[in-house]
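# A structural walkthrough
These are the residues of each chain, in order.
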Number of protein chains: 2
Amino acid sequence: MIAQSFVNQPNVYRQKYSISYDKLMAKRRSSSSRKPTLVDVAKAANVSAITVSRTIRSPELVSPQMRIRVEAAVEKLGYSPDPAASALASRVTHNIGLLLPSLTNTVFEDVLDGIYEVSEETRFFIQIGDTRYSALKEEALIGTFLRQKPAGLILTGFEQTEKARKMLSSAHCPIVQIMDYGGTPIDMAVGFDHEAAGYAAAAHLIECGYRNPGCVGARLDARSRRRLDGFRKACQEANLWDERRMVTTPQSSSVGLGRHMLEEMLSKDETVDAIFCNNDDIGIGVLVEAQRRLISVPDQLGICSFHDMEMTKHMHPALTAIATPRYEIGKMAFEMLLAEIDQPQSVKKRIVNSGFELKKRSSTKNLAGKF
Amino acid sequence: MIAQSFVNQPNVYRQKYSISYDKLMAKRRSSSSRKPTLVDVAKAANVSAITVSRTIRSPELVSPQMRIRVEAAVEKLGYSPDPAASALASRVTHNIGLLLPSLTNTVFEDVLDGIYEVSEETRFFIQIGDTRYSALKEEALIGTFLRQKPAGLILTGFEQTEKARKMLSSAHCPIVQIMDYGGTPIDMAVGFDHEAAGYAAAAHLIECGYRNPGCVGARLDARSRRRLDGFRKACQEANLWDERRMVTTPQSSSVGLGRHMLEEMLSKDETVDAIFCNNDDIGIGVLVEAQRRLISVPDQLGICSFHDMEMTKHMHPALTAIATPRYEIGKMAFEMLLAEIDQPQSVKKRIVNSGFELKKRSSTKNLAGKF
DNA sequence: GTGATAAATGATTGCGCAATCATTCGTCAA
DNA sequence: TTGACGAATGATTGCGCAATCATTTATCAC
């Protein structure tokens, strides 16, 4: 029931105060035990409250001497604004909502890192929601976040539910969708084309001379599915596709899972001579398992990984991978949000293709100069 | 200047509305274009506002028929409470502040995952701050977080500044310090003893028969330093210590750095026959580099890693490691917070030793049964 | 010197909710 | 039948700030 969604757990009442209400109030009102408010600062500086507010929020609107006076009072009293009161009065917070499908995934950590890097020097806070790859959880979280009147929102991908899209389009804050390119953004977007990335991986493997390319994919969200689609498409165009060499699982990716998936791939078609892995965990797992089975990489088996976390280039052999600019995407998303918040409508809404990069390493045959 | 810390960037003023103020207000007041409030719901249900508030927050205090009536009105109007107003009136939010030293580190992701797992079904939100291993940044973030009147706070370690501790001890919310054990908590704590962990690693290597143990450590925060201290202590007790075999760097850990550090270790003392690695990135880097140099693991070189992320056990050879219960720590920290929030003072403040576990694998010689 | 304009500052009000205290109603024992 | 008590509900107030509009003070052209 919708109406229940925000209904709290039953509260246990706190122990009643033993001192009287009047005393309590008197104590609260005495400036000594109370956090100073805008009004306290105003009194101390002998100005009006709104001037203090202005000095803090828009110092360029008050005269230099007034600024000094107010800032002195602020410092003297140790005043700091109450975000709740500010939010209530202005109908907007300084929170930026961020919805990610997973928190235990290098991919999103790097995005997160980029976002935090930029947000650090601003007045904004990041509030993260973990959707666990569920559009319904995402929908619920979007509702929760919007209730807080965020200054902006960052979402992952384009796969929001109808209801979520409706809520978002009537929201009064800028929104950036990240990690994908080519869909229809609600507002702004920055990411890369997953189908093109899968296609590029296949093209590289084929170019290397592999003739039985396959791919393994874990946790098939829309984006990884499109990567596989792109991969398949390139193989089909080269007449090298066999659907048996598409091995997938809904489980979340891990190195252990990658090992299992190579096993499964081999059991379905042992002629496979190159594998595109959905992401790095799987890629490393496939490499490790190949080595355990004494399958030589890249000669008997070429491996192309996806995302390219730091570790992949240190493997033996170093993993060829499609590198994705995760950190940059996070950074850019936040910057786009900031620009919109500070100058709404003044900037053209942006839809950015961040691109990706094929890193050719030794887990695929390097035929450069050989043809 | 302190007074400046919350002073905003200059705001750019929004374009003025072209319609008149009166019209705007009239529009805002018309129930059609305004988000419904508690009062709207109260009118619709023909009850007082406070009863609606109670129905939502403490349904056990209203009669069943009243509850049905109010909930019907809530659903009909699509009402959802305004967190800002709630925070202002009650002087507390539903935010839980979480301060982590790094976001791109499997260790903290796992903690995060545990916290989010538990928080999901509650009325609380997590607000993450990234201290970047700086006590001063942490201090600033603590100030920022406290201003928001959080329901609780989770901090990493015991190394807060004097000023931060002062702010925290006068805070009116429960606090859990995680990832460490043995210090003096501000309030509650859950973590493990890093010195004991380092000691255990050394004891294992020595037990395996290694006679020239060393250790490599990156990003020497207080906790990793204590691990190294414990390691050194055990080696000294066994009369097997040589300070040249302590290789450290302030840089943040990575696989590439692990490779460099093995190189450095060998250049300082090539007789080293076992290495304790500060964490898994370094451990994998050391393993990879050893293999590149054709140093056989575990015979010529034993390796013991720290934390034990999923990947380590899939390496060849599988890495021996001290496994730390990161997920459980996160989960428990949140649960401890919850218990305190719901029943303040009723539960004994907890200081929990989560322990750790030595996972013996093939990167160290297994002498079990050989003596 | 006057009026016009801009810059700087102030008075008032209400954002939406929860804490407080007050009241009403029903139930039960004496 | 009465009074006491607890359960259920309500009226009022203020949390701390920012939006609005109003006013005052400086600045300048003529």
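This text gives an overview of the structure that appears in the document.

Calculation rules
Residues numbered from 1 in each chain as written. Chains lettered and ligands numbered in written order. Predicted model: local features only at pLDDT ≥ 70, side-chain atom pairs only at ≥ 80, totals over all residues. Heavy atoms only, no water. Helix = DSSP H or I, 4+ residues; strand = E, 2+ residues; numbered from the N terminus. Expected span 1.5 Å × (residues − 1). Buried < 20%, exposed > 50% of the residue type's maximum accessible area, 1.4 Å probe, protein only. Contact = heavy atoms within 4.5 Å. Buried area = accessible area lost by both parts, 1.4 Å probe. Salt bridge = Lys/Arg side-chain N within 4 Å of Asp/Glu carboxyl O. Polar contact = N/O pair within 3.5 Å; in protein donor to acceptor, adjacent residues only side chain to side chain. Nonpolar A, V, L, I, M, F, W, Y, C, P; charged D, E, K, R; others polar. Least-squares fit on C-alpha atoms with pLDDT ≥ 70 in both. Pairing = 2+ DSSP bridges. Axes fitted to C-alpha atoms, helices over the stretch in contact; angles between N-to-C directions. Core = buried A, V, L, I, M, F, W, Y, C linked by side-chain atoms within 4.5 Å.

### As for helix H6 (residues 106–119) of chain A
With 14 residues, H6(A) extends 20 Å from end C-alpha to end C-alpha; this agrees with the ideal 20 Å at 1.5 Å per step. Where burial is concerned, most of H6(A) is hidden: 12 out of the 14 residues are buried.

### Some remarks on the interface of chain A and chain B
At the interface, 80 residues of chain A touch 79 residues of chain B. In total, about 6800 Å² of surface goes out of reach between chain A and chain B, with carbon and sulfur atoms giving 56% of it. Where Glu117(B) meets Arg132(A), a salt bridge forms, and the shortest distance between an N and an O atom there is 3.1 Å. Linking chain A to chain B there are 20 residue pairs in polar contact (both at pLDDT 80 or more). Partitioning the side of chain A that touches chain B into residue classes produces 33 nonpolar, 21 polar and 26 charged.

### As for unusual backbone geometry
Residue Pro298(A) is reached from Val297(A) by a cis peptide bond, and omega for that bond is 15 degrees. Structurally, the position occupied by Pro298(A) is in the loop between helix H12 (280–292) and strand S9 (302–307). Note that the residue after His316(A), namely Pro317(A), is joined by a cis bond; omega there is -5 degrees. Secondary-structure assignment places Pro317(A) in the loop between S9 and strand S10 (320–323). At Lys149(A), a residue that is not glycine, the phi angle is positive and equals roughly 50 degrees. Along the chain, Lys149(A) falls in the loop between helix H7 (135–147) and strand S3 (152–156). At Leu294(B), a residue that is not glycine, the phi angle is positive and equals roughly 60 degrees.

### Here's the deal with the environment of Gln160(B)
All names here are of chain B. Inspection of the secondary structure puts Gln160 in the loop between strand S3 (152–156) and helix H8 (162–169). Exposure remark for Gln160: the relative accessible area of 9% places this residue in the buried category. Linking Gln160 and Ala135, residues 25 residues apart in sequence, is a C-alpha distance of 5.9 Å. Beyond its immediate sequence surroundings of up to four residues, Gln160 is in contact with Glu138, Ile142, Leu155, Arg165, Leu168, Gln177 and Ile186. Engagement of the side chain of Gln160 in a polar contact is seen with the backbone oxygen of Gly157, the distance being 3.2 Å. Polar side-chain contacts of Gln160 include one of 3.0 Å to the side chain of Gln177.

### Details of the relation of the copies chain A and chain B
Look at the two chain copies: a rotation about an axis and a shift along it is all it takes to match them. Of the transformation placing chain A onto chain B, the axial shift is 0.0 Å and the rotation is 180 degrees, giving an RMSD of 0.0 Å. The operation mapping one copy onto its partner corresponds to a two-fold rotation axis.

### Observations regarding the sheet that holds strand S7 (residues 246–249) of chain B
Residues and elements named next belong to chain B. Strand order in the open sheet formed by six strands is S7-S6-S8-S9-S10-S12, and the pairing between neighbours is mixed. Each end of this open sheet is capped by a strand with a single partner; those strands are S7 and strand S12 (357–359). The average undirected angle you get between the axes of adjacent strands in this sheet is 15 degrees. Sheet topology places strand S10 (residues 320–323) next to S12; three bridges connect them, and they run antiparallel. Across the sheet, Ala323 pairs through a bridge with Glu357, a residue of S12. In the packing of helix H9 (residues 194–207) onto the sheet, contacts are made with strand S8 (274–277), strand S9 (302–307), S10 and S12, and the angle to S8 comes to roughly 160 degrees. Strand contacts of helix H12 (residues 280–292): strand S6 (213–218), S8 and S9, with the helix running at about 160 degrees to S9, the strand carrying the most contacts.

### Observations concerning the nonpolar core
If you look at the biggest cluster of nonpolar residues, it comprises 96 residues, and the most contacted ones within it are Ile128(A) and Ile128(B). Not counting residues within four places of it along the chain, the set of residues in contact with Ile128(B) comprises Tyr116(A), Ile126(A), Ile128(A), Leu98(B), Leu100(B), Leu103(B), Leu112(B), Tyr116(B) and Phe145(B). Residues Met311(A), Met315(A), Met261(B) and Val272(B) belong to the second largest nonpolar core, which totals 52 residues.

### Focus: the sheet that holds strand S12 (residues 357–359) of chain A
Residue and element names in this part refer to chain A. Spatially, S7-S6-S8-S9-S10-S12 is the arrangement adopted by the six strands of the open sheet, whose pairing is mixed. Since the sheet does not close on itself, it has two edges, and those belong to strand S7 (246–249) and S12, each with one partner. Strand-to-strand twist across the sheet, computed as the mean angle between neighbouring axes with direction ignored, equals 15 degrees. Where S9 and S10 come together, four bridges link them in parallel fashion. Residue Phe306 lies in a different strand from S10, and its bridge partner there is Ile322.

### Considering the pairing of strand S5 (residues 188–191) of chain B
All names here are of chain B. The alternating pattern of S5 places Met188 and Val190 and Ala189 and Gly191 on opposite faces, both of which are buried. Where strand S4 (residues 175–178) meets S5, three bridges bridge the pair, whose relative direction is parallel. Each residue of the ladder has a partner; that of Gln177, found in S5, is Ala189. Where S5 lies against strand S11 (residues 351–353), three bridges are found, and the strand directions are parallel. Bridging across to S11, Ala189 finds its partner in Ile351.

### Brief notes about the pattern of salt bridges
When the charged atoms of two side chains lie near each other, side chains of opposite charge can form a pair. Applying the stated criterion to the full structure yields 50 salt bridges over all chains. Residues Arg132(B) and Asp130(B) are paired through a salt bridge, measuring 3.4 Å at the closest nitrogen-oxygen approach. Residue class for Asp130(B) comes out buried when judged on its relative accessible area of 6%. Across the pair Glu159(B) and Arg223(B) runs a salt bridge whose closest N-O atoms are separated by 3.7 Å. A residue pair is termed long-range when its members are at least 10 positions apart, and Glu159(B) in the loop between S3 and H8 and Arg223(B) in helix H10 (residues 222–237) qualify at 64 residues. With a relative accessible area of 8%, Arg223(B) lands in the buried category. Within this structure, Asp113(A), Glu117(A), Glu120(A), Asp130(B), Arg132(B) and Lys137(B) form a network of salt bridges that share partners.

None of the figures reported here should be taken as evidence of function without further support.
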